[in-house]
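# An overview of the molecular structure
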Amino acid sequence: MEDSIKGLVPHVLSFVINELCKNGFMIAYEKDLSDLKGLIEPDSISSDDFELLEAVDDEVVRILLSSIDKVVKCSQTYFLINNLDEMEVMENEEYSLLASDSYYAYIIDWESKSYKDLLYNLNAVYFSISQLLYHTTCQIKLNEVEIPDEMYDEFIDKYSDLLRGKFDPDDKNISLLYSLIIDLNNDLADIDNLGD
């Protein structure tokens, strides 16, 4: 696998962690952390602030934290199976830039800020993360940073089969990311079930 592709994957996962964390804080700002709303921007909060989120008494925030934990474990596994130095990879600006190109192609910044709207938008957030992760698997499969346009549309056709575990790729990195997509979708289902 090309070094740039090998290196961008942990950065993509880091962006996913930040996105989930940001949504956790936006939700917490509507209830438990309402006194912090407007003082600290949710996208300026780092993973070091998880302790604050862990103190929030909201089931949706707990599920988001569970999702974050799954992405962290996926990232740790990725470093192990590819024998990569975490500090070296995460300090590489080229890898970060390549990952950010993919991230900003999929992740939308939602304007609606009410608690109910934020919960509703989590469906789109998780779906966008799945698209981003699938995009990353295509980069691994093709061993190229730039993937053909048709692969952007391919995700929609393959999404439901992917969630059912119908794909069993030989590549351990692709398999790892497919499993993460399934795990995150299960968390989203848990969030949706809270509204029932």
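Look up: the structure comes first, before these words.
Residues numbered from 1 in each chain as written. Predicted model: local features only at pLDDT ≥ 70, side-chain atom pairs only at ≥ 80, totals over all residues. Heavy atoms only, no water.

### Details of the overall build of the protein chain
Of regular secondary structure, the protein chain possesses 8 helices and 0 strands. Along the protein chain, from the amino end to the carboxyl end, the secondary structure elements read α-α-α-α-α-α-α-α. Relative to the 2.2 N^0.38 estimate, which gives 16 Å for 196 residues, the radius of gyration of the protein chain is 17 Å and therefore close to what a compact globule would have. The principal-axis extents of the C-alpha atoms in the protein chain amount to approximately 45 × 35 × 25 Å. Buried residues in the protein chain amount to 45% of all 196 residues. Summing over all exposed atoms, the protein chain offers an accessible surface of approximately 10,300 Å²; the carbon and sulfur share of this is 47%. Computed over 14 positive and 42 negative side-chain charges, the inter-centroid distance for the protein chain is 7 Å. (Helix = DSSP H or I, 4+ residues; strand = E, 2+ residues; numbered from the N terminus. Rg over C-alpha atoms; globule rule 2.2 N^0.38 Å. Buried < 20%, exposed > 50% of the residue type's maximum accessible area, 1.4 Å probe, protein only. Areas by Shrake-Rupley, 256 points an atom, 1.4 Å probe, with all protein chains shown as cover. Lys, Arg positive; Asp, Glu negative; His and termini not counted. Charge placed at Lys NZ, Arg CZ, Asp CG, Glu CD.)

### Observations concerning the packing of aromatic side chains
For the coordinates displayed, the defined rule picks out 10 aromatic pairs. When the ring of Tyr134 is compared with that of Tyr178, the centres are 6.4 Å apart and the planes differ by 5°; the resulting orientation is stacked. A residue pair is termed long-range when its members are at least 10 positions apart, and Tyr134 in helix α6 (residues 115-142) and Tyr178 in helix α8 (residues 172-194) qualify at 44 residues. You'll find Tyr134 and Tyr178 in the same group, each marked buried. A network of ring pairs unites the aromatic residues Phe127, Tyr134, Phe155, Tyr159, Phe167 and Tyr178 as a single cluster. (Phe/Tyr/Trp six-rings, centres within 6.5 Å; stacked < 30°, edge-to-face > 60°.)

### As for the environment of Phe15
Among the structural elements, Phe15 can be located in helix α1 (residues 3-29). Phe15 has contacts with Ser96, Ala99, Ser100 and Tyr103, leaving out every residue within four places of it along the chain. (Contact = heavy atoms within 4.5 Å.)

### Quick look at unusual backbone geometry
The backbone phi angle of Asn83 is positive, close to 50°, even though this residue is not glycine. Here Asn83 lies in the loop between α3 (59-81) and α4 (86-90). Overall, Asn83 belongs to the exposed group, its relative accessible area being 72%. A positive phi angle, near 55°, is found at Asn143, a position not held by glycine.

### Describing helix α5 (residues 93-106)
Between the first and last C-alpha of α5 there are 20 Å, a value that for 14 residues agrees with the 20 Å anticipated at 1.5 Å per step. Looking only at α5, the buried set comprises Tyr95, Leu98, Ala99, Ser100, Ser102, Tyr103 and Tyr106. Between a side-chain oxygen at the N-terminus of α5 and the backbone nitrogen of Glu94 the separation is 2.9 Å; the capping residue is Asn92. (Expected span 1.5 Å × (residues − 1). Polar contact = N/O pair within 3.5 Å; in protein donor to acceptor, adjacent residues only side chain to side chain.)

### A closer look at the state of the cysteines
According to the stated counting rule, one finds 0 disulfides in the structure shown. No disulfide involves Cys138; its sulfur sits 16 Å from that of Cys74, the nearest cysteine. For Cys138, a relative accessible area of 0% puts it in the buried group. (Disulfide = S-S within 2.5 Å.)

### Comments concerning the side chain of Lys22
Structurally, Lys22 is set in helix α1. For Lys22, a relative accessible area of 9% translates into the label buried. Leave out the neighbours within four places in its chain, and Lys22 touches Pro42, Asp43 and Asp109.

### Some words on the pattern of salt bridges
Evaluated as defined, the whole model comprises 8 salt bridges. For the salt bridge of Lys22 with Glu19, the shortest nitrogen-to-oxygen distance reads 3.6 Å. Placement of both Lys22 and Glu19 in helix α1 is noted, with a separation of 3 residues, approximately one turn of the helix. Like Glu19, Lys22 is buried. As a salt-bridge pair, Lys70 and Asp187 come within 2.6 Å of each other at their nearest N and O atoms. (Salt bridge = Lys/Arg side-chain N within 4 Å of Asp/Glu carboxyl O.)

### What to know about a negative patch on the surface
A cluster of acidic residues, Glu2, Asp3, Glu94, Asp101, Glu144 and Glu146, forms a negative patch at the surface. In this structure, Glu94 sits in helix α5. Residue classification places Glu94 among the partly exposed residues on the basis of a relative accessible area of 47%. (Patch = residues over 30% accessible without salt bridge, like charges linked within 9 Å, V, L, I, M, F, W, Y side chains within 5 Å.)

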